[in-house]
Amino acid sequence: MSLHRRYGLTRVINARGPFTPIGVSRSSGETAAVVAEALSHHFLLDELQDRASESISRFTGAEAGTVTHCAAAGITLAVAAAMTGRSAERAAALPVTEGMADRVVLPAGHAVNYGQSILQAVRLSGATPELAGTEAGCPVADLERSLASTHVCCLLLVASRLTRGEPVDLAAAVSAAHRRGVPAIVDGAAQDLRIPDLLGTGADIVVVSGQKYLASPTAGLVVGRRGLVEAVRAQEKGIGRAMKASKEAILGVMAAIDERERSDRDGWQREQDRKVATFLARVDGLAGVAARAVPDPTGLPFGRVHLRLDGRDARLSAEALAVALRSGSPQIHVMEHGLSSGDIVFELVQLSEDEVRAVGRRLTDLLD
Ligand SMILES: *Cc1c(COP(=O)(O)O)cnc(C)c1O
């Protein structure tokens, strides 16, 4: 019996991307099998983290890496690491930061909310966030001016739907942090496909989620300079206790990395293109609907389908259509950021071909 049936759970088709409230992503059978096996054995957790570090280094080119409970935990622990270094005493003292530099600078437009304010993720470590520039933008000179001597690190994001204002040039911002003698931490949560690019900006630490496109169990990968990664691991006996990765998560990350390394990237991209093409063919000709494929704005290697609903000819507004899709069974969840301007966006990475066709049928029922 399926879990949905056994526990009376709502079925969901996820055309919204790796979104936490609907279960983010689906692991492959191979990763799921490793996780299931891991659950019934003992391991030395330090050894598991050592092996995970080797695996992450091979995968990303970074000096080292470690696995945390999730990316949000990774942000908190990376900031903690910048404050304490490898000192067990300092790690044990947090979130009390007496005697430590504890100011974290981030561009004002990077004070995002991904379900939690990133400022809270910083504060959980005991550090105090300080915003540089304005929401309209943060020129590198503003960032550098804000990074006075008592600062401990600079936190940056990849420009996305969540960030605001002019995109910040990451490489230039990282250089500014380095000129001020502090490390730069990049939150690249959904950017596991681009970790080497982000490390290429000179960032000292890059934090990504394992459960987004990498499709591991819930996990954060903290990747970068060995000293800082070791300092993140030093938090295990402090605030990191509540943010630790489980044995099954660590092995699940390693299995997902193995699978990604073996996978044929071009073949994967072709599969994504095929789903987009299937979708476009399905909705072609619906009254008042203009569909087009749009590349991922952050540079990830796949596109999304944007449906523009014409107010006069379409049977429903974009907002009403999103509600109707979510009201059926299975529920169909879509990206909602364009709704107010009449655009409904479908990300198909998590969908099987069958599900793409099911969404197409539902759209035809609702709009034809
Ligand atoms: C998803 C996300 C996070 C949080 O990731 P978790 O692994 O769910 O903790 C942090 N930052 C950004 C930009 C995100 O998109």
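Residues numbered from 1 in each chain as written. Predicted model: local features only at pLDDT ≥ 70, side-chain atom pairs only at ≥ 80, totals over all residues. Heavy atoms only, no water.

A. Up close: the packing of aromatic side chains. Counting across every chain of the model gives three aromatic pairs. Relative to phenylalanine 302, the ring of tryptophan 268 lies with its centre 6.1 Å away and its plane at 80°, an arrangement referred to as edge-to-face. You can see tryptophan 268 sitting in helix α12 (residues 265–283) and its partner phenylalanine 302 sitting in the loop between β9 (289–295) and β10 (303–309), a full 34 residues away along the chain. Note on phenylalanine 302: relative accessible area 4%, which makes it buried. Among the aromatic side chains, those forming a connected cluster through ring pairs are Tyr213, Trp268 and Phe302. Positioned over the ring face of phenylalanine 19 is arginine 16, at 3.7 Å from the centre of the ring. (Phe/Tyr/Trp six-rings, centres within 6.5 Å; stacked < 30°, edge-to-face > 60°. Helix = DSSP H or I, 4+ residues; strand = E, 2+ residues; numbered from the N terminus. Buried < 20%, exposed > 50% of the residue type's maximum accessible area, 1.4 Å probe, protein only. Lys NZ or Arg CZ within 6 Å of the ring centre and 35° of its normal.)

B. Main features of the side chain of aspartate 187. Along the chain, aspartate 187 turns up in strand β6 (residues 184–187). For the buried aspartate 187, no salt bridge is present, and the opposite-charge side chain at shortest range is lysine 212, 6.7 Å distant. Among the polar contacts made by the side chain of aspartate 187, one reaches the main-chain amide nitrogen of alanine 189 at a distance of 3.0 Å. If we skip the residues at most four places from it in the chain, aspartate 187 touches Ile75, Tyr114, Ile118, Leu156, Leu157, Val158 and Val207. (Lys, Arg positive; Asp, Glu negative; His and termini not counted. Salt bridge = Lys/Arg side-chain N within 4 Å of Asp/Glu carboxyl O. Polar contact = N/O pair within 3.5 Å; in protein donor to acceptor, adjacent residues only side chain to side chain. Contact = heavy atoms within 4.5 Å.)

C. Focus on the site of the ligand. Around the ligand, a shell composed of Thr20, Cys70, Ala71, Ala72, Tyr114, Leu157, Asp187, Ala189, Ser209, Gln211 and Lys212 is seen. Contact distances for the ligand include 2.8 Å between an oxygen atom and a backbone N or O atom of alanine 72. At 2.6 Å from a nitrogen atom of the ligand is found a side-chain nitrogen or oxygen belonging to aspartate 187. For the ligand, the protein covers 87% of the area, taking 390 Å² as the surface of the free molecule. Residue composition of the shell around the ligand, by class: six nonpolar, three polar and two charged. (Near = heavy atom within 4 Å. Areas by Shrake-Rupley, 256 points an atom, 1.4 Å probe, with all protein chains shown as cover. Nonpolar A, V, L, I, M, F, W, Y, C, P; charged D, E, K, R; others polar.)

Note that all results are geometric; they support no functional claim without further evidence.
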